[in-house]
Amino acid sequence: MKKTVTLTFSDGSPSIELPIEQGTYGKPVIDIRALGAHGYFTHDPGFTATSSCTSAITYIDGDEGLLYYRGYPIDELAYQSDYMEVSYLLLHGELPTAEQKTAFEQSIRHHTLLHDQMENVFRGFRRSAHPMAVMIGVTGAMSAFYHSGLDNFNPQHREVVAHRLIAKVPTVAAWAYKFNEGQPFVYPQNRLSYAENFMHMMFSSPCEPYEPNPVLARALDRIFILHADHEQNASTSTVRLAGSSGANPYACIASGMASLWGPLHGGANEAVLRMLEEMDHVSKIPEFIRRAKDKSDPFRLMGFGHRIYKNVDPRAAIIRQTCYEVLDELDLRDDPQFKIALELERIALEDEYFIARKLYPNVDFYSGIIFRALGIPTSMFTALFAMARTAGWVAQWHEMLSDPAHKIGRPRQLYTGSARREFVPIEQRKA
Ligand code: CMC
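These remarks concern the structure in this document. What you see is a predicted model, and the numbers here were worked out from it, not measured in a lab.

Conventions used here
Residues numbered from 1 in each chain as written. Predicted model: local features only at pLDDT ≥ 70, side-chain atom pairs only at ≥ 80, totals over all residues. Heavy atoms only, no water. Pairing = 2+ DSSP bridges. Helix = DSSP H or I, 4+ residues; strand = E, 2+ residues; numbered from the N terminus. Near = heavy atom within 4 Å. Polar contact = N/O pair within 3.5 Å; in protein donor to acceptor, adjacent residues only side chain to side chain. Areas by Shrake-Rupley, 256 points an atom, 1.4 Å probe, with all protein chains shown as cover. Salt bridge = Lys/Arg side-chain N within 4 Å of Asp/Glu carboxyl O.

### Quick word on the sheet that holds strand 3 (residues 29–30)
At step 1: Judged by pairing direction, the sheet is antiparallel, and its three strands sit side by side in the order 1-2-3 without closing on themselves. Either end of the sheet is taken by a strand with one partner, and the two such strands are strand 1 (4–7) and strand 3.
At step 2: Sheet analysis places strand 1 next to strand 2 (residues 16–21), joined by four bridges and oriented antiparallel. The residue of strand 2 that forms the bridge with Val-5 is Leu-18.

If you want it as structure tokens, here you go:
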């Protein structure tokens, strides 16, 4: 028998019975859709207790520190798969066969070039523009290149959109960097893997070729896997909400990038490195910990805490391990920022404040150290997160539009403004 919950009211209004749904895993969910017909809405700022959709893509158990993509644990994918395969898995629901993987990779390679006119879009920005500002602008501008004839409700059209975005966003990111640097844009090389190609577009120039180091390319690919999806976080929810109106998908992904840019979300990896640079020496750690605990100080320990993970972020351990591998390969084991990060983690994890609030290092705590060791400038960190998350965003957008029951997203509110009042002509208004 289906479980239900009964809502009773202190003023004697008739009670309301609501169904309880249970997914494959996770906490039971009270289906409150019938409430509107009874004259009530629920109020949940920050959506801390609200499920906004059904999804079969990613599962997170924050208490146990679990993350699955389509049922596969993140560590198995990180160590045994690659980003192309994971992108296919997120989009299609199954791991590809060898033939499917080859066809998928070929399709992605086929779409890596940007329309020639797009160069002019880059050139409209100031040279000093933040790469995320450029990425949001250029990805949004793709909607001007791919709009007429696009039918969001046609699955084949959606597949082309997904492939185009996964393929082109790395080119957009690398070109945002090149534009910052005042260097010529480097075209994609389709003989290279996804991660190698990105490194090539970032680091080679017409006068100096660049041969990607396979150990470093593998590390980058693993970081992309770890960032590929994370269920209904702020940026993914933004993509879904924007897409729910039937909007152009390139514009929707640009809106997801805008949300990701914030320092509480994808901007945190950049903020972590700036914080470690500011710390400068392990002796300064106690001062930063004191500030993080001081409620009158807005400072937070960047790279610590997560809305969902209250035990361990399973991505953090993998990324710490990857950090060791990258620093070893580059002979940088004595990297001062890495030493500060390890010591900061050790001290914070023994501190009552962090223990009581279940604050642990998140995925962004070590990723910045890896990116910097690879020669990627701090301002590009969130751009790399956006690249990796594009696979998740398009998979979530595709899933939403595949659902025949999908509706435009339209949250309600608890109005706290003025009661009705009469308009006052300007000459009668008092200061
Ligand atoms: N440093 C110090 N105190 C913290 C931190 C932190 N990094 N994070 C949370 N707290 C405290 C917070 O002050 C509050 O304390 P109290 O209960 O005494 O008021 C308590 O912990 C709960 O915090 P919250 O803000 O209610 O938690 P949340 O779930 O709303 O926020 C978060 C989650 C990730 C925004 C937050 O932990 C944070 O700001 N972390 C730093 C930024 C960061 O690293 N973001 C990357 C997230 S992972 C990548 C991604 O998915 O985007």
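### Observations regarding the site of the ligand
At step 1: Surrounding the ligand, one finds 20 residues, the nearest of these being His-265, Arg-300, Leu-301, Gly-303 and Tyr-353.
At step 2: In this structure, Leu-264 approaches the ligand through a main-chain N or O atom, which is 3.2 Å from a nitrogen atom.
At step 3: In this structure, Tyr-353 approaches the ligand through a side-chain N or O atom, which is 2.9 Å from a nitrogen atom.
At step 4: Alone, the ligand offers 930 Å² of accessible surface; in the complex the protein occludes 77% of this.

### Looking at the pattern of salt bridges
At step 1: One pass over the full model with this rule turns up 22 salt bridges.
At step 2: Here Arg-240 makes a salt bridge to Glu-399, at a shortest N to O gap of 2.7 Å. In this pair, Arg-240 is assigned in helix 9 (residues 234–243) and Glu-399 in helix 17 (residues 381–402), connecting sequence segments 159 residues apart.
At step 3: For Arg-290, the salt bridge identified is with Glu-287, shortest N-O distance 3.1 Å.

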